[in-house]
Amino acid sequence: MHRSRQGIETLLQVMELAFGEPGVEADESQALLQNLITVSEQRWRALVPGSARSIESIVLHVGSCKVMYGDHAFHDGKLGWDDAAVQPWPDGEAPMDEAIRWLIDVQAAFVADVRALKDDAELDRLRRTNWGDEWRTRSIIGAMITHDSYHAGEINHMRSLLHGDDRWFYVKQGFE
């Protein structure tokens with residue numbers, strides 16, 4: 001009997017679009033990685049007036065969540081927020097290139113966990129979350145997709161504010 005993977009494949013495609021890996025047709029203003037590739041070193045840790053988080057902080061947060069969600073949903077769930085695999089640098093000390101490479105690597109690990117699902121029936125299976133609840137696999141994956149999109153928009157907005165003009169900027173404009 002052939003079991004469908006259509007749902008899994010669709011979620012994988014949407015994950016790629018939200019993250020915006022090189023080689024994937026992604027909206028430059030809405031994909032996470034596409035928003036990061038034009039961030040300059042000087043803006044990596046810069047704060048928008050009145051804010052407490054930098055682009056660096058957001059990258060560490062997004063990557064840490066990918067590790068924690070993946071560990072608890074697909075593995076033994078033993079990692080904690082203070083583990084080096086989850087938080088490899090303290091906020092304010094992450095080298096930009098290394099942190100973005102780490103983010104790409106933890107994305108690839110989460111994608112590999114989703115790709116390893118046998119069939120679409122797995123999408124309805126309850127799995128652990130890092131806060132102790134059980135969610136359907138599709139909801140955990142969906143949370144990671146929307147998390148990438150949310151923070152991509154946040155980074156896009158921060159870049160615009162740091163540039164001194166709160167309007168939509170696109171990668172092709174090269175405003176950094």
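Located above this text is the structure these notes cover.
Residues numbered from 1 in each chain as written. Predicted model: local features only at pLDDT ≥ 70, side-chain atom pairs only at ≥ 80, totals over all residues. Heavy atoms only, no water.

### Comments concerning the side chain of Thr129
Next, step 1: On the secondary structure map, Thr129 appears in the loop between strand E1 (126-128) and strand E2 (134-136).
Next, step 2: Overall, Thr129 belongs to the buried group, its relative accessible area being 6%. (Helix = DSSP H or I, 4+ residues; strand = E, 2+ residues; numbered from the N terminus. Buried < 20%, exposed > 50% of the residue type's maximum accessible area, 1.4 Å probe, protein only.)

### What about the environment of Ile100?
Next, step 1: Within the fold, Ile100 resides in helix H5 (residues 96-115).
Next, step 2: Sequence-distant contacts of Ile100, defined by excluding residues within four places in its chain, comprise Leu33, Leu36 and Trp44. (Contact = heavy atoms within 4.5 Å.)

### Observations regarding the packing of H5 against helix H6 (residues 137-163)
Geometry of a packed helix pair, given as the angle between the helix axes and the separation of the axes.
Next, step 1: Where H5 contacts H6, the two axes come as close as 12 Å, and the packing angle between them is 150°. When the axis of H5 is compared with that of H6, the two are roughly antiparallel. Here the hand of the crossing between H5 and H6 comes out left-handed. Between H5, through Gln107, Phe110 and Val114, and H6, the contact on the second element is made entirely by Ile140, Ile141, Met144 and Asp148.
Next, step 2: Along the lines of polarity and charge, the residues of the contact of H5 with H6 split into five nonpolar, one polar and one charged. (Axes fitted to C-alpha atoms, helices over the stretch in contact; angles between N-to-C directions. Parallel < 35°, antiparallel > 145°, perpendicular 65-115°, else oblique. Left-handed = near helix turned anticlockwise from the far one by under 90°. Nonpolar A, V, L, I, M, F, W, Y, C, P; charged D, E, K, R; others polar.)

### So, the environment of Ala85
Next, step 1: In this fold, Ala85 is placed in the loop between helix H4 (55-74) and H5.
Next, step 2: In this structure Ala85 comes out as partly exposed when scored by relative accessible area, which is 42%.
Next, step 3: If we skip the residues at most four places from it in the chain, Ala85 touches Val67, Leu79 and Trp102.

### Examining the pattern of salt bridges
When charged atoms on two side chains of opposite charge get close, those side chains can pair.
Next, step 1: If you walk through the whole model with that rule in mind, you get nine salt bridges.
Next, step 2: Residue Arg3 is joined to Asp119 by a salt bridge in which the shortest nitrogen-to-oxygen separation is 3.2 Å. Here Asp119 lies in the loop between H5 and E1 and Arg3 lies in the segment before helix H1 (6-19), a separation of 116 residues in the sequence.
Next, step 3: Judged by relative accessible area, Arg3 falls into the exposed class, the value being 54%.
Next, step 4: Residue class for Asp119 comes out buried when judged on its relative accessible area of 6%.
Next, step 5: It is possible to trace a salt-bridge network through shared partners that takes in Glu122, Arg125 and Arg127. (Salt bridge = Lys/Arg side-chain N within 4 Å of Asp/Glu carboxyl O.)

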